[in-house]
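If you want the building blocks of each chain, they are given just below.
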Amino acid sequence: MDLLAMLAKVLKSNGLIAAFVIIAIVNLIAYKLAGISKGRIHGSAIAILFGLVLAYLGGGSKGIATLPMFAGIGVMGGAMFRDFAITSTAFGADLREIKKVGLVGVLSLIMGLITSYIAGVVIGYALGYRTSVDLVTIGAGVATFVVGPVTGAALGASSEVIAISIAAGVVKSLAVMIFTPFVAKPLGLNNPQSAMVFGGLAGTTSGTAAGMAAVDPKLVPYAAMTATFYTGSGCLTFPSIFYFITKAIFG
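It should be emphasised that the depicted structure is a prediction, and the values quoted were computed from it without experimental measurement.

Draft legend 1. Quick peek at the overall build of the protein chain. When helices and strands are tallied, the protein chain shows 13 helices and 0 strands. N-terminal to C-terminal, the α/β element order of the protein chain is α-α-α-α-α-α-α-α-α-α-α-α-α. For the protein chain, with 251 residues in total, the buried portion stands at 42%. Pairs at least 24 residues apart make up 68% of the contacts formed inside the protein chain by residues separated by at least 6 positions. Counting every atom, the protein chain has about 13200 Å² of accessible surface; 74% of that belongs to carbon and sulfur.

Draft legend 2. Inspection of the packing of aromatic side chains at higher detail. Evaluation of the coordinates by the stated rule reveals 5 aromatic pairs. With a centroid separation of 4.6 Å and an interplanar angle of 35°, the aromatic rings of Phe238 and Phe242 are classed as tilted. Taken together, the positions of Phe238 and Phe242, both in helix H13 (residues 220-250) and 4 residues apart, correspond to about one turn of that helix. Its guanidinium or amino end placed over the ring of Tyr125, Arg130 lies 3.7 Å from that ring's centre, counting from NZ or CZ.

Draft legend 3. Local environment of the side chain of Asp134. With respect to the helices, strands and loops of the structure, Asp134 is situated in helix H8 (residues 132-143). Buried and without a salt bridge, Asp134 has Arg130 as its closest oppositely charged side chain, separated by 9.2 Å. A polar contact is formed between the side chain of Asp134 and the side chain of Thr131, at a distance of 3.0 Å.

Draft legend 4. Quick peek at the packing of helix H9 (residues 147-155) against H13. Where H9 meets H13, the axes come as close as 9 Å, and the angle between the chain directions of the two elements is 35°. Here H9 and H13 pass one another in a crossing that is right-handed. On H13, the residues that touch Val147, Val150, Thr151, Ala154 and Leu155 of H9 are Thr231, Gly234, Cys235, Phe238, Pro239 and Tyr243.

Draft legend 5. Structural context of helix H2 (residues 15-36). With 22 residues, H2 should reach 32 Å at 1.5 Å per residue; the first-to-last C-alpha distance of 32 Å fits that figure. If you check which residues of H2 are buried, you get Gly15, Ala18, Ala19, Val26, Ala30 and Ala34. All buried residues of H2 fall inside an arc of 145° around its axis, so they share one side. Among the exposed residues of H2, those pointing more than 90 degrees away from its buried face are Ile17, Leu28 and Lys32. Buried residues along H2 sit against helix H1 (3-13), helix H3 (43-58) and helix H4 (71-76). Just downstream of H2, Lys38 is the residue with a positive phi angle, here 60°.

Draft legend 6. Highlighting a nonpolar patch on the surface. Residues Leu103, Val106, Leu107, Ile110, Met111, Ile114, Ile118, Val122 and Leu201 make up a contiguous nonpolar surface patch of roughly 800 Å² in combined accessible area. When residues in the nonpolar patch are grouped by element, the largest group, 8 residues, is from helix H7 (residues 103-126). With respect to the helices and strands, the residue Met111 is situated in helix H7. According to the relative accessible area criterion, Met111 is partly exposed, its value standing at 43%.

Thresholds, definitions, all that
Residues numbered from 1 in each chain as written. Predicted model: local features only at pLDDT ≥ 70, side-chain atom pairs only at ≥ 80, totals over all residues. Heavy atoms only, no water. Helix = DSSP H or I, 4+ residues; strand = E, 2+ residues; numbered from the N terminus. Buried < 20%, exposed > 50% of the residue type's maximum accessible area, 1.4 Å probe, protein only. Contact = heavy atoms within 4.5 Å. Areas by Shrake-Rupley, 256 points an atom, 1.4 Å probe, with all protein chains shown as cover. Phe/Tyr/Trp six-rings, centres within 6.5 Å; stacked < 30°, edge-to-face > 60°. Lys NZ or Arg CZ within 6 Å of the ring centre and 35° of its normal. Lys, Arg positive; Asp, Glu negative; His and termini not counted. Salt bridge = Lys/Arg side-chain N within 4 Å of Asp/Glu carboxyl O. Polar contact = N/O pair within 3.5 Å; in protein donor to acceptor, adjacent residues only side chain to side chain. Axes fitted to C-alpha atoms, helices over the stretch in contact; angles between N-to-C directions. Left-handed = near helix turned anticlockwise from the far one by under 90°. Expected span 1.5 Å × (residues − 1). Arc of directions from axis to C-beta. Patch = residues over 30% accessible without salt bridge, like charges linked within 9 Å, V, L, I, M, F, W, Y side chains within 5 Å.

Structural data, given as structure tokens:
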């Protein structure tokens, strides 16, 4: 048995452990490259870009996890670890600071959902989609790449439309990661209250967390807190309220 065959056997037998090692190496390279920008572009944005490239190279319905030796990445990238990461990040927030946001935080959450819905419907309509299910699913994807597939599955959208919704959410997440450091000073993102409002408007937990980490790591839990509520609210409102609104408009 040659060295490559032995390596493939080890990777298959220890899928999850191998996934942690592979992701660690990818993150190490991404953060080293991010260092060249002197913190203006967060390492998470570059790591996600690497992930998209690897997913494309892997092919199949599960990207690189389609290959048996990388199947552990599919487990690591599943909902369980994702939700754990989101919840653990939000636990770092101070309840006293959260209470200071009050009505403004709630309004930012509502405005964030509405603007994502409108943007998604406009994009979907421009792409030639006309049914309420398709338009709402794409709008939900613009909200986040989690809300999109949840909404699509609830409404019975096609796999093609769900894929578009996920792509829209990933693009939004990357955009928020990259541009947050550049707009932080003009928007006054220098305190927990403004970070929470920003999280409510932007919505994407991964995007706001990575973006705020490049601005001030201490503000990450606050942005992630409202962004998490945004995701949960989106999963509830897009298949119901926003769907009925779209149905009334487009039939």
